[in-house]
Amino acid sequence: MPRETLQTLTEPMYYVLLSLTTPRCGIEIMSRAKELSGGRVIVGPGTLYTMLAKFEENGIIVHAEPECPDMTGGGTKRKHYVIATKGIAMLKQEYDRLARMAEDGKSIMELLK
Amino acid sequence: MKKADHKKTLTTYLSYELTDLSALEEYFTEMAAKGWRLTSLESGQTFEACEPCTLRYSVQLLPTAESSDISINEKSRGYVDLCTDAGWKLVCFEGKLFVFVTDDPDVPDIVTDSQEKIDAVRKEVKRRFLSPLTISALICFAGIIFRMIDCWIHWDAETGFGSSTLEFTILFAVLVLYIHVTLFFMIKQVHAIRWVHHAERALAKGERIPYYGWHDLLRRSRCYLIERIVFMVLFVALAVFFLVLDYPVISLIMIGILALLVIVMWVDRILYRKSYTRRTLALSFIGLGILMVAIIGIAVAGILLLL
């Protein structure tokens, strides 16, 4: 995952960042990303670990205290993450890009119907 | 393949490369279906008898681990914990290679990004190529060639089999063995680079990544076995060659080196089979290193005295 690839988020990255608007640990991120995408995007634990490490290295996410330590069932041992200001900006940028793309294609898609 | 029915264990000695991770997964799944569950990757692949079952294996090259790791480091622990939370169980690890297993077909794959798998192989190949060992091996290679040229230039035609001839012959023997080992290593690395290139092209085209199957692994493993036999035969042939040339000391040293290699492999196997502490293992290896240096020193002193 070279640094420049973080300029545009991949689909799993986008859903992982969406999942991190509240502090979550790895397994919670995986299930939240799956839930948000309606089961379409599945992020494996290895892929998630690498992704989180890169995000953290680039200041996109930060470590966080869990909102409720008991919610993971395993206590506070698991690392929790939350999106950082830089990450929110990236997420907004990506959302705008996707929205613009959908808007741009709207008229064409209506013609195709 | 060695079978020990009384212990209900089975050990196979497949040689695998960085590009064989999927092939290993297939192989372990196949063995589980036959009633052999993987327990260890140290000194071959050790299996334990079990009821034939359907298991999913995942073999991962952990970027957070080091080849010299004998216990799981903190970063790798985070990776393993996340996999455990997701439903995978760590079976064993050997250096950077970690083997996970699950019997649940619904658990997601550990790596769901194909590019990540290719990147892991590419990084490891690059690391091996640029490792201090490879660089020092290349410097040694240049040194041997340089010394051989020097011997050739200063050849003493009148005295015939003089000291320069002896040195030249020794250097030639070392060079033959060295080229054999280095070439084999290089071929493996080039093969891995080619695989990375093909895999990336396939990924870009949206085609299936050309992972090797376990049948390819078995076939290649047989080739490696033949290569090892050839190496041994070559080594012994050279020892005989020196004996014929009337250099029994060199011949004895070569046989000694071969015996030492076998002893080191045997000690390594015993040490890894037992769960010794890191300190005991480190001390054992230091002791073994001192012993080897002492043996080589005595051998060199013997040659000098004889000459």
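Structure first, text after, so check above.
The paragraphs below set out a description of the structure included in this document. Since we're looking at a predicted model, the values are computed, not measured. By convention here, each chain's residues receive numbers from 1 onward along its written sequence. Labels follow written order: the first chain is A, the first ligand is 1, and so on. Only residues with pLDDT of at least 70 get local features here, since the model is predicted, and only at 80 or more are side-chain atom pairs given and counted; chain-wide, interface and lining totals rely on the full set of residues. Note that the side-chain values use all heavy atoms of the structure and ignore hydrogens as well as water.

1. Describing the overall build of chain B
Each helix and strand in chain B was counted, giving eight helices and seven strands. Relative accessible area decides the class of each residue, using a 1.4 Å probe on protein chains only: under 20% of the type maximum gives buried, over 50% gives exposed, and in between gives partly exposed. Expressed as a percentage of the 307 residues in chain B, the buried residues total 36%. With an accessible surface of roughly 18,200 Å², chain B has 67% of that area assigned to carbon and sulfur atoms. To qualify as a helix, a DSSP run of H or I must reach at least 4 residues; to qualify as a strand, a run of E must reach at least 2; elements of each kind are numbered from the N terminus. To be clear on the numbers: accessible area is Shrake-Rupley with a 1.4 Å probe, and residue cover counts the displayed protein chains and nothing else.

2. With respect to the overall build of chain A
Of regular secondary structure, chain A possesses four helices and three strands. In chain A, the succession of helices and strands from N to C terminus is α-β-α-α-β-β-α. Counting across all 113 residues of chain A, residues that qualify as buried make up 39%. The contact criterion used is simple: two residues touch if any of their non-hydrogen atoms lie within 4.5 Å. Once local pairs closer than 6 in sequence are excluded, the contacts in chain A between residues at least 24 apart make up 60%.

3. Some thoughts on the interface of chain A and chain B
In this complex, chain A contributes 14 residues to the contact, which on the side of chain B involves 17 residues. Once two parts are put together, the accessible area they lose, assessed with a 1.4 Å probe and summed over both, is termed the buried area. Carbon and sulfur atoms make up 64% of the surface buried where chain A meets chain B, a total of about 1,200 Å² over both sides. In the sections that follow, a salt bridge refers to a side-chain nitrogen of Lys or Arg positioned within 4 Å of a carboxyl oxygen of Asp or Glu. Where chain A packs against chain B, one counts one salt bridge. Polar contacts, as used here, are pairs of N or O atoms within 3.5 Å; protein pairs need one atom able to donate a hydrogen and one able to accept it. Residues neighboring in sequence count only if both atoms are side-chain atoms. The tally of links between chain A and chain B comes to nine residue pairs in polar contact (both at pLDDT 80 or more). When residues of the side of chain A that touches chain B are traced back to their parent elements, those giving at least two are helix H2 (26-36) and helix H3 (45-57) of chain A.

4. Let's talk about the environment of B:Ile72
Residue and element names in this part refer to chain B. Turning to its location among the elements, Ile72 is positioned in the loop between strand S5 (56-61) and helix H2 (74-86). Along the backbone, Ile72 and Phe93 are 21 residues apart, and their C-alpha atoms lie at a distance of 8.6 Å. If sequence neighbours within four positions are ignored, Ile72 has contacts with Arg77, Leu90, Phe93 and Phe98.

5. Considerations on the packing of H2(A) against H3(A)
Residue and element names in this part refer to chain A. Axes here mean lines fitted to C-alpha atoms, for a helix over just the part in contact, with angles spanning 0 to 180 degrees between N-to-C directions. Axis separation between H2 and H3 bottoms out at 10 Å; the angle between their running directions is 110°. Classed by the angle they form, the pair H2 and H3 counts as roughly perpendicular. Along the contact surface, H2 presents Gly26, Ile29 and Met30, while H3 presents Pro45, Leu48 and Leu52. Looking at side-chain class alone, the contact of H2 with H3 contains five nonpolar, one polar and no charged residues. In these notes the angle categories are as follows: under 35 degrees is roughly parallel, over 145 is roughly antiparallel, 65 to 115 is roughly perpendicular, and the rest is oblique. Put simply, Ala, Val, Leu, Ile, Met, Phe, Trp, Tyr, Cys and Pro go in the nonpolar bin, Asp, Glu, Lys and Arg in the charged bin, and everything else, Gly too, in the polar bin.

6. Focus on the sheet that holds strand S2 (residues 61-64) of chain A
To summarise the sheet geometry, strands pair through backbone hydrogen bonds and adopt either a parallel or an antiparallel arrangement. Residues and elements named next belong to chain A. Reading across the sheet, the three strands line up as S1-S3-S2 and stay open at both edges, with antiparallel pairing between neighbours. Lying at the two open borders of the sheet, with one neighbouring strand each, are strand S1 (24-25) and S2. For two strands to be treated as a pair, DSSP must find no fewer than two bridges joining them. Here S2 runs beside strand S3 (residues 80-83); their pairing, made up of four bridges, is antiparallel. Considered in S3, the bridge of His63 is made with Tyr81.

7. Some remarks on the pattern of salt bridges
All names here are of chain A. The final tally for this structure, using the stated rule, is eleven salt bridges over all chains. Notably, a salt bridge pairs Glu11 with Arg40, separated by 2.2 Å at the nearest N-O pair. Placement of Glu11 in helix H1 (residues 11-19) and of Arg40 in the loop between H2 and H3 is noted, with a sequence separation of 29 residues between them. Accessibility expressed as a relative area gives 40% for Glu11, which makes it partly exposed. Glu35 is paired through a salt bridge with Arg32; the nearest N and O atoms lie 2.8 Å apart. Taken together, the positions of Glu35 and Arg32, both in helix H2 and three residues apart, correspond to about one turn of that helix.

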